[in-house]
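Structure at a glance
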Amino acid sequence: MKIVMYSAREDEIEFFEHFSDVYGVECKVLLHDPWPYNVEEVEGCTCVSVMTNTQVTAEMLDEYYKLGVRFISTRTVGLEHIDVAHAEKLGMGVANVSYTPYSVAEYALMMMLMSLRHMKTMVLRAWGQDYALTGIRGSLLSDKTVGIIGTGKIGSTLAKLLTGFGCKILAYDIWENPALADIVTYVPLDTLLEESDMVTLHAPSSPENYQMMNREAFGKMKKGAVLVNTARGDLVDTEALICALEEGHLGGAALDILDGDRLINYRDKKGEVICHRQRAVLMSLANVIMTPHMAFFTDHSVSDMVEISMRSCTDFCKEKGLF
Ligand code: COI
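Read on for an overview of the structure. What you see is a predicted model, and the numbers here were worked out from it, not measured in a lab.

What counts as what
Residues numbered from 1 in each chain as written. Predicted model: local features only at pLDDT ≥ 70, side-chain atom pairs only at ≥ 80, totals over all residues. Heavy atoms only, no water. Salt bridge = Lys/Arg side-chain N within 4 Å of Asp/Glu carboxyl O. Helix = DSSP H or I, 4+ residues; strand = E, 2+ residues; numbered from the N terminus. Buried < 20%, exposed > 50% of the residue type's maximum accessible area, 1.4 Å probe, protein only. Near = heavy atom within 4 Å. Polar contact = N/O pair within 3.5 Å; in protein donor to acceptor, adjacent residues only side chain to side chain. Areas by Shrake-Rupley, 256 points an atom, 1.4 Å probe, with all protein chains shown as cover. Nonpolar A, V, L, I, M, F, W, Y, C, P; charged D, E, K, R; others polar. Phe/Tyr/Trp six-rings, centres within 6.5 Å; stacked < 30°, edge-to-face > 60°.

Another aspect to go through is the pattern of salt bridges. Across all of its chains, the model carries 14 salt bridges by this definition. Note that Arg 75 is salt-bridged to Glu 12, the shortest N-O span being 3.0 Å. Taken together, the residues span a long stretch of sequence, with Arg 75 in the loop between β4 (71-74) and α3 (84-90) and Glu 12 in the loop between β1 (2-5) and α1 (13-23) at a distance of 63 residues. In terms of burial, Arg 75 and Glu 12 fall into one category: buried. As a salt-bridge pair, Glu 216 and Lys 220 come within 3.4 Å of each other at their nearest N and O atoms. Here the residue Glu 216 and the residue Lys 220 both occupy positions in helix α8 (residues 215-220), the gap between them amounting to four residues, near one helical turn. Salt bridges sharing partners connect three or more residues here, namely Asp 190, Glu 216 and Lys 220.

Within the structure, the ligand sits among Met 51, Thr 52, Thr 76, Val 77, Gly 78, Tyr 99, Arg 232, Tyr 266, His 293, Phe 296 and Met 305. At 2.6 Å, a side-chain N or O of Arg 232 approaches an oxygen atom of the ligand. Computed on the free molecule, the ligand has an accessible area of 280 Å², of which 96% lies beneath the protein chains in the complex. Each residue belonging to the shell around the ligand can be placed in one class, and the counts come to six nonpolar, four polar and one charged.

Applying the stated rule across the entire model yields five aromatic pairs. Where Phe 19 meets Tyr 23, the ring centres are 6.5 Å apart and the plane angle is 35°; that geometry is what we call tilted. Taken together, the residues span about one helical turn, with Phe 19 and Tyr 23 both in helix α1 at a distance of four residues. Given a relative accessible area of 6%, Phe 19 falls into the buried group.

Here's what the structure looks like:
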């Protein structure tokens, strides 16, 4: 059975090689992204594995199906880049992966600490040999109240990690996780926004969650509070965030993702004109840390992503008698 691995990165190759032996599959590894103009590349492959770089549209799925593809796997947690409803209509299987939640949880924690200790300013100043302490006195996470929005795997792992810091932990989710009863206090969303010094997002992208962090939500946040987003860009109304930072209402933001940056992340854009004005504004602010959606990026997660993607392809094909 053959799987085409789209958007493959060099660092994934060792895992493709290792796990294709383990699962007895053949991998066609392609470094570029899947687009409507390269659909014919999947010919001879029963499964297609993708990342989030581009959209897998209904038209592409139609072509894939005609060429013999029966299963689409994304090596990511998020599925929003695939037209799942259309795949199901065609009778194609679709699956995401679930990699270790520690990668993103530890990263969110790191971003909180970096914000509290003015790490961006300090590192930039040090490059200019400015070692003065002016304006960079930090504050302690242990003195803070952290509000976690979304207590699925990542949010609850973060809650457990935070217990070691001694901070107060508030949480909001439409489903309360009983396993967290001793660690967090579940509160209504408004209470979380009003009482937290740091608000960290761990909710999925969905029509209900679209821009949940908007002007009104920022208005409810404590003056000087920090927003951390390692989840999805469309959870935040970026313009409203910029206003809240410019007005001095928010004390900072740590963003691993920004709405509209899909075609920027994971690409070397040196020397290019990047047409994303909000990104340029945020980059210029001393109290905003921005990284290119890399919270997932650890050896452990990459291994999980490749293995689980491959395993879901083989499981599906075995079940359907295609392997
Ligand atoms: C996911 O797995 O859904 C992520 O957010 C990380 C991915 C885009 C590499």
